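# Tertiary structure, described
Chain residues, written in single-letter form:
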Amino acid sequence: MNRLLRWLAALLLAGLCQAPAFGAEDVAGPAALYRQHCAACHGADRLGAMGPALLPESLERLRPAELAAVLREGRPATQMQGFAGELDDARLASLADWLRTGPATAPAWTDAEIRGSHVVYHAAGSLPASPVFQADPANLFLVVEAGSHHVSVLDGDRLEPIHRFRTRFALHGGPKFSQDGRYVFMASRDGWVSKYDLWNLTFTAEIRVGLNTRNVAVSDDGKWVLAGNTLPRTLVLLRADDLSLAKVLDVTGRDGQGSRVSAVYDAAPRHSFIAALKDIAEVWEIPYAGMASGTIPEPRKIVLADVLDDFYFDQSYRHILGASRDGGGQVVDLTPGRKVADLALSGMPHLGSGITWMRDGHEVMASPNLRQGRISVIDMQSWQTIATVPTNGPGFFLRSHENTPYAWADAMMSPKRDTLQLIDKQTLAVVGSLTPSPGRTAAHVEFTRDGRYALVSLMERDGAIVVYDARTLREVKRIPMDKPIGKYNVFNKTTRSSGTSH
Ligand code: DHE
């Protein structure tokens, strides 16, 4: 039965079987099931409405078993109900397959649609310019809780939550702060950019810039926000005060080929945005110094020897350390715009999670590896790999702080995903390990502004932020959270601590 339905669905999708608008086949077919059960919340065009977009690009992070479970059982604490009582397994399977297949014509998201989605909740300058709470605004943490799509605001001194708010569906990438730490800009995977006033604990504006978005960057002068999309293939420039649309740039390379954006970054010392591209061997730089509305310069398109889509920048933002998909790495000097060195790396280095520190008078950079249990340590002058530290398994994040002797590494892509290891930043030896809760994923560390406490995410639905004393490594407390992923300290981010990402 299951197979027959799948076969019929395939025929329908291939356009070989013309089902009548509401005929018997159509009632059973996945398109009709979608119209009947999903369209009201997710949009007739699958682009999202009250619920998120349901396109292959939006679902690629969900494993098949997870998607099946959501269709069957729904999502707790959301409007998403389960359909197990109404649809049998075969229908649910055909619907899941159909959702993972793109519409016949690629969905567009035009300038008019971007403008149409724009909402201003509080005009710039209309809210009080002082915090509505007692906590040190520079030592706040934002914790992204992926379980039910919320953010918790933690007081980094008392290590207590002071506020919790609902966000758009599936935030990804670090929230980006304005230099004074007052405003936070967040991007959701299905294209929403939100501006939040952390001093008044309220959203001020939102806009949907695309259908599938990677992340945002905020210019150092606080005037501009750049978002990078994979669907459509665009970069979208917004005015930071109210998130209104300034310009959409199609991402088309020098030879006319389009590309998805991998990520956008603010290269503050260069007063420019940098865009990493997924499909073409180019990196783009958009200078924003002096940029006035309407006179946005054409991007500088730097040609690379290979597609590089995962970047680490040195502290001056002159050099990019980039990883290619085959595991190789290169150093690109942005000033002349050319490769200056190869990096000896293998597996799938996650340079984006790199950190730097001083060792024997030399600046070194270390980054985890998504495929291998090893941390590569690179000399930032010679670009040589000076050490490879074996770890428990492939990991995602590496974090430290200027005031702590250790780099904290996870192994979240391995069976030892419950254990963090501590690497001595001078000897480069693993000197300790911590297992906050056996069998449960522990990853992503961020420090309080003084580096005294390390906050670790227990990334489970009934998870927690586990706080450790960064010197004694004793657990100080647990703050319950719903699948906490990343956490972001205002001071460390706005001062560009070398122990965390920017
Ligand atoms: Fe991320 C940041 C890319 C999957 C959690 N992730 C980033 C950034 C990039 C990136 C380029 C830096 C942008 C920024 O901070 O503005 N991530 C990717 C991928 O390509 C990848 C492997 C697959 C994908 O489809 O996106 C991927 N990322 C994940 C996850 O599965 C994680 C663990 C959970 C999730 O929410 O999706 C995840 N990514 C994060 C986090 C950050 C991040 C928490 C910010 C780290 C920080 O401390 O700043």
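Within an unreviewed UniProt entry, the label attached to the chain reads Nitrite reductase, and the organism entered is Cupriavidus yeoncheonensis.

## What about helix 3 (residues 30-42)?
Along its 13 residues, helix 3 runs just 15 Å from first to last C-alpha, ending more than 12% under the 18 Å computed at 1.5 Å per residue. Every buried residue of helix 3 is accounted for by Pro 30, Ala 32, Leu 33, Tyr 34, His 37, Cys 38, Ala 39 and His 42.

## Remarks on the site of the ligand
The environment of the ligand is made up of 18 residues, and the closest members are Arg 61, His 172, Lys 176, Arg 399 and Ser 501. Separating a nitrogen atom of the ligand from a side-chain N or O atom of His 172 is a distance of 3.0 Å. In the environment of the ligand, an oxygen atom lies 2.9 Å from a nitrogen or oxygen atom belonging to the backbone of Gly 174. When residues of the shell around the ligand are assigned to their parent elements, the largest contribution, three residues, is made by strand 33 (residues 484-489).

## Quick word on the packing of helix 3 against helix 6 (residues 89-99)
Packing of helix 3 against helix 6 leaves a shortest axis separation of 9 Å and a crossing angle of 95°. When the axis of helix 3 is compared with that of helix 6, the two are roughly perpendicular. Between helix 3 and helix 6, the residues in contact are Pro 30, Ala 31, Leu 33, Tyr 34 and Cys 38 and Arg 91, Ser 94, Leu 95, Trp 98 and Leu 99, respectively. The residue inventory of the contact of helix 3 with helix 6, partitioned by class, reads eight nonpolar, one polar and one charged.

## Remarks on the environment of Asp 89
As for its placement among the helices and strands, Asp 89 is situated in helix 6. Along the chain, Asp 89 and Ala 68 lie 21 residues apart, while their C-alpha atoms are 9.2 Å from each other.

## Thoughts on the pairing of strand 2 (residues 140-145)
The buried count for strand 2 comes to six of six residues, which makes it a mostly enclosed element. Side chains of strand 2 alternate between two faces, with Leu 140, Leu 142 and Val 144 and Phe 141, Val 143 and Glu 145 buried alike. Strand direction decides the pairing type here: strand 2 and strand 3 (residues 150-155), joined by six bridges, are antiparallel. In the sheet register, Val 143 faces strand 3, and the bridge partner there is Ser 152. Here strand 2 runs beside strand 33; their pairing, made up of four bridges, is antiparallel. Opposite Leu 142, over in strand 33, you have Tyr 488 as the bridge partner.

## Examining the packing of aromatic side chains
Evaluated as defined, the whole model comprises 12 aromatic pairs. An angle of 25° between the planes, with centres 4.9 Å apart, marks the rings of Phe 313 and Tyr 317 as stacked. Take Tyr 317: its relative accessible area is 4%, and that puts it in the buried class. Summarising the aromatic geometry, the rings of Phe 396 and Phe 397 are spaced 4.8 Å apart at their centres and angled 50° between planes, so their arrangement reads as tilted. Taking the relative accessible area as the measure of exposure, Phe 397 reaches 15% and is therefore buried. Arg 208 extends its terminal NZ or CZ atom over the ring of Trp 109, reaching a point 5.1 Å from the ring centre.

Definitions and limits used
Residues numbered from 1 in each chain as written. Predicted model: local features only at pLDDT ≥ 70, side-chain atom pairs only at ≥ 80, totals over all residues. Heavy atoms only, no water. Helix = DSSP H or I, 4+ residues; strand = E, 2+ residues; numbered from the N terminus. Expected span 1.5 Å × (residues − 1). Buried < 20%, exposed > 50% of the residue type's maximum accessible area, 1.4 Å probe, protein only. Near = heavy atom within 4 Å. Polar contact = N/O pair within 3.5 Å; in protein donor to acceptor, adjacent residues only side chain to side chain. Axes fitted to C-alpha atoms, helices over the stretch in contact; angles between N-to-C directions. Parallel < 35°, antiparallel > 145°, perpendicular 65-115°, else oblique. Contact = heavy atoms within 4.5 Å. Nonpolar A, V, L, I, M, F, W, Y, C, P; charged D, E, K, R; others polar. Pairing = 2+ DSSP bridges. Phe/Tyr/Trp six-rings, centres within 6.5 Å; stacked < 30°, edge-to-face > 60°. Lys NZ or Arg CZ within 6 Å of the ring centre and 35° of its normal.

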